[in-house]
Amino acid sequence: YTKTKVLEHQTLKEIAEKHGKTTAQIALAWNLQRGVIVIPKSTSNDRIKENFQAQEITLEADDLDRIKAIDEGYRFYNPAMWIEPESGWFNIGDFD
């Protein structure tokens, strides 16, 4: 089993095509619509502008559900572990 790179996932590609945006913009928009603070990194002026435009994307409920259903086994780190020692790694689905 190999994980699909997030920005190459077929679901994100389909939603990006539907909205005429990039998969990166869709991933950023998904997080923004969920109230997640995102800090994208780029040194390319074009990419920085592209990332900023993700704020203008409004994903439909079906888009949000399709992205939420993606499960490649990725995890992200909860910084609260520095405050609450019992905290630590969580699946992204734990926060919806």
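Residues numbered from 1 in each chain as written. Predicted model: local features only at pLDDT ≥ 70, side-chain atom pairs only at ≥ 80, totals over all residues. Heavy atoms only, no water.

### Digging into the packing of helix H1 (residues 10-19) against helix H4 (residues 61-68)
Packing of H1 against H4 leaves a shortest axis separation of 10 Å and a crossing angle of 160 degrees. Viewed along their axes, H1 and H4 adopt a mutual orientation that is roughly antiparallel. Crossing geometry of H1 relative to H4 is assigned as left-handed. In contact with Thr11, Leu12, Glu14, Ile15, Lys18 and His19 of H1, H4 contributes Asp63, Arg66 and Ile67. Here the residues of the contact of H1 with H4 sort into three nonpolar, two polar and four charged. (Axes fitted to C-alpha atoms, helices over the stretch in contact; angles between N-to-C directions. Helix = DSSP H or I, 4+ residues; strand = E, 2+ residues; numbered from the N terminus. Parallel < 35°, antiparallel > 145°, perpendicular 65-115°, else oblique. Left-handed = near helix turned anticlockwise from the far one by under 90°. Contact = heavy atoms within 4.5 Å. Nonpolar A, V, L, I, M, F, W, Y, C, P; charged D, E, K, R; others polar.)

### Considerations on the pattern of salt bridges
For the coordinates displayed, the defined rule picks out three salt bridges. The partner of glutamate 60 in a salt bridge is lysine 18, and the shortest N-O contact between them spans 3.0 Å. On the criterion of sequence distance, the pair formed by glutamate 60 in the loop between helix H3 (45-53) and H4 and lysine 18 in helix H1 is long-range, its members being 42 residues apart. Looking at glutamate 60, the relative accessible area reads 42%, which means it is partly exposed. Judged by its relative accessible area of 43%, lysine 18 falls in the partly exposed class. (Salt bridge = Lys/Arg side-chain N within 4 Å of Asp/Glu carboxyl O. Buried < 20%, exposed > 50% of the residue type's maximum accessible area, 1.4 Å probe, protein only.)

### So, the nonpolar core
In this structure, Leu12, Ile15, Ala16, Ile26, Ala29, Trp30, Ile57, Leu59 and Ile67 together form the largest nonpolar core, which totals nine residues. Elements that contribute at least two residues to this core include exactly H1 and helix H2 (23-33). The residues contacting isoleucine 26, other than those within four sequence positions of it, are Leu12, Ile15, Ala16, His19, Lys21, Ile57, Leu59 and Ile67. (Core = buried A, V, L, I, M, F, W, Y, C linked by side-chain atoms within 4.5 Å.)

### Notes on the confidence of the model for the protein
Here the protein averages 81 in pLDDT, and 71% of its residues register 70 or above. The weakest mean pLDDT in the protein belongs to strand S2 (residues 89-91) at 51; the strongest belongs to H1 at 96. Low pLDDT, under 50, characterises residues 81-85; the stretch is placed with three contacts to residues that sit more than four places away or in other chains. (pLDDT = per-residue confidence, 0-100.)

### Observations regarding the packing of H2 against H4
At their nearest, the axes of H2 and H4 sit 11 Å apart, and the two run at 100 degrees to each other. Taken together, H2 and H4 sit at an angle that is classed as roughly perpendicular. Contact with H2, carried on its side by Ile26, Trp30 and Gln33, involves Leu64, Ile67 and Lys68 of H4 and no other residues of that element. Broken down by class, the residue content of the contact of H2 with H4 amounts to four nonpolar, one polar and one charged.

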